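# Examination of the molecular architecture
What follows is the residue order along each chain.
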Amino acid sequence: MVPLYLQCDVLFVVTFSFRVYKNVLAAIQKSDNGHPFKALLDFNVTLSEEEVNPIVNKILKHVNCTVVELRRLFLVEDVVDSLKFGLMLWVLSHVGSWFNGMTLLILGVVAIFTLPKVYEVNKVQIDQYLELASKQVKNVVDKVTNKLPFLKKKKQ
C-alpha cells in the first residue's frame, strides 16, 4: 500500500506538470484555452453551518459521554468497574506491544466481517458456551463481592 504522503506528492506532480504542459501548448498555438482545471476550481467545496452543526452536535454528545465515563473510571467512582477498566488497559497494552497498530486494524476489520458469519453458522453452540461462561463469571463475581463487601455497587 502506497503511503498517503506519496500519493499526494504524485498527484501534485501530475497536476502541476499538466498545467505547465497546457500553458506551453497554449503559448505555442497562440490560443487562450484558460485554466485546465477551471471546472474543478469553480466547484464549491465549502461546508455550511447548517450542514455541519447537526453532525458536530452528535459528535459532541458522544465526546461528553465518553469524558464523563472516563472520569468515573479513572477517579474510581466504582471499584469493580475501575478494576475491569484497569485490567482492560493492561491487556491492551500487552497486546499492543505484541502487534503493530496496522496489524490490529486489519485483524479488527477481518473480525468484523467474519465473526457474524461464524456466529450465524454456529449459533447454537456459541450461545450454549456463552451462557455457560457467563454463569461462571457471574458465580466468581458473586463470590468475590460476598467476600469483599466494599466492592458491592452502591444503590442509588
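Right, let's walk through the structure included here. (Residues numbered from 1 in each chain as written. Predicted model: local features only at pLDDT ≥ 70, side-chain atom pairs only at ≥ 80, totals over all residues. Heavy atoms only, no water.)

The subject of this paragraph is the packing of helix H3 (residues 49–74) against helix H4 (residues 79–98). Relative to each other, H3 and H4 sit at 100°, their axes nearing to 8 Å. Considered as vectors, H3 and H4 are oriented roughly perpendicular to each other. Residues Leu70, Arg72, Leu73 and Phe74 of H3 touch H4, and the partners they reach there are Asp81, Ser82, Phe85 and Leu89. Residues belonging to the contact of H3 with H4 are distributed by class as follows: 5 nonpolar, 1 polar and 2 charged. (Axes fitted to C-alpha atoms, helices over the stretch in contact; angles between N-to-C directions. Helix = DSSP H or I, 4+ residues; strand = E, 2+ residues; numbered from the N terminus. Parallel < 35°, antiparallel > 145°, perpendicular 65-115°, else oblique. Contact = heavy atoms within 4.5 Å. Nonpolar A, V, L, I, M, F, W, Y, C, P; charged D, E, K, R; others polar.)

On the surface, a cluster of nonpolar side chains totalling about 720 Å² of accessible area is made up of Met102, Leu105, Ile106, Val109, Val110, Ile112 and Phe113. Along the polypeptide, isoleucine 112 turns up in helix H5 (residues 101–121). Look at isoleucine 112 and you get exposed, because its relative accessible area is 57%. (Patch = residues over 30% accessible without salt bridge, like charges linked within 9 Å, V, L, I, M, F, W, Y side chains within 5 Å. Areas by Shrake-Rupley, 256 points an atom, 1.4 Å probe, with all protein chains shown as cover. Salt bridge = Lys/Arg side-chain N within 4 Å of Asp/Glu carboxyl O. Buried < 20%, exposed > 50% of the residue type's maximum accessible area, 1.4 Å probe, protein only.)

Let's shift gears to the packing of aromatic side chains. One pass over the structure, following the stated rule, counts 3 aromatic pairs. Both rings, one in phenylalanine 12 and one in phenylalanine 16, keep their centres 5.7 Å apart while their planes meet at 25°; by these two values the pair is stacked. Of this pair, phenylalanine 12 and phenylalanine 16 both sit in helix H1 (residues 4–29), 4 residues apart, which is roughly one turn of that helix. Taking the relative accessible area as the measure of exposure, phenylalanine 12 reaches 53% and is therefore exposed. An angle of 85° between the planes, with centres 5.1 Å apart, marks the rings of phenylalanine 74 and phenylalanine 85 as edge-to-face. Here phenylalanine 74, found in helix H3, pairs with phenylalanine 85, found in helix H4; they are 11 residues apart in sequence, far enough to count as distant. Note on phenylalanine 85: relative accessible area 12%, which makes it buried. (Phe/Tyr/Trp six-rings, centres within 6.5 Å; stacked < 30°, edge-to-face > 60°.)

So, on to the packing of H5 against helix H6 (residues 123–147). Put simply, H5 and H6 touch, their axes get as near as 5 Å, and they point 95° apart. In terms of axis orientation, H5 runs roughly perpendicular to H6. Contact with H5, carried on its side by Val118, Tyr119, Glu120 and Val121, involves Lys123, Ile126 and Asp127 of H6 and no other residues of that element. Here the residues of the contact of H5 with H6 are counted per class, giving 4 nonpolar, no polar and 3 charged.

Moving on, we get to the environment of valine 79. Take valine 79: it is sitting in helix H4. The exposure class assigned to valine 79 is partly exposed, which follows from its relative accessible area of 28%. With 20 residues separating them along the chain, valine 79 and isoleucine 59 place their C-alpha atoms 29 Å apart.

What follows is about the pattern of salt bridges. Enumeration over the complete set of coordinates arrives at 7 salt bridges. Note that lysine 84 and aspartate 81 form a salt bridge whose closest N and O atoms lie 4.0 Å from each other. Residue lysine 84 and its partner aspartate 81 are both found in helix H4; the two are separated by 3 residues, about one turn of the helix. The class for aspartate 81 is buried, based on a relative accessible area of 14%.

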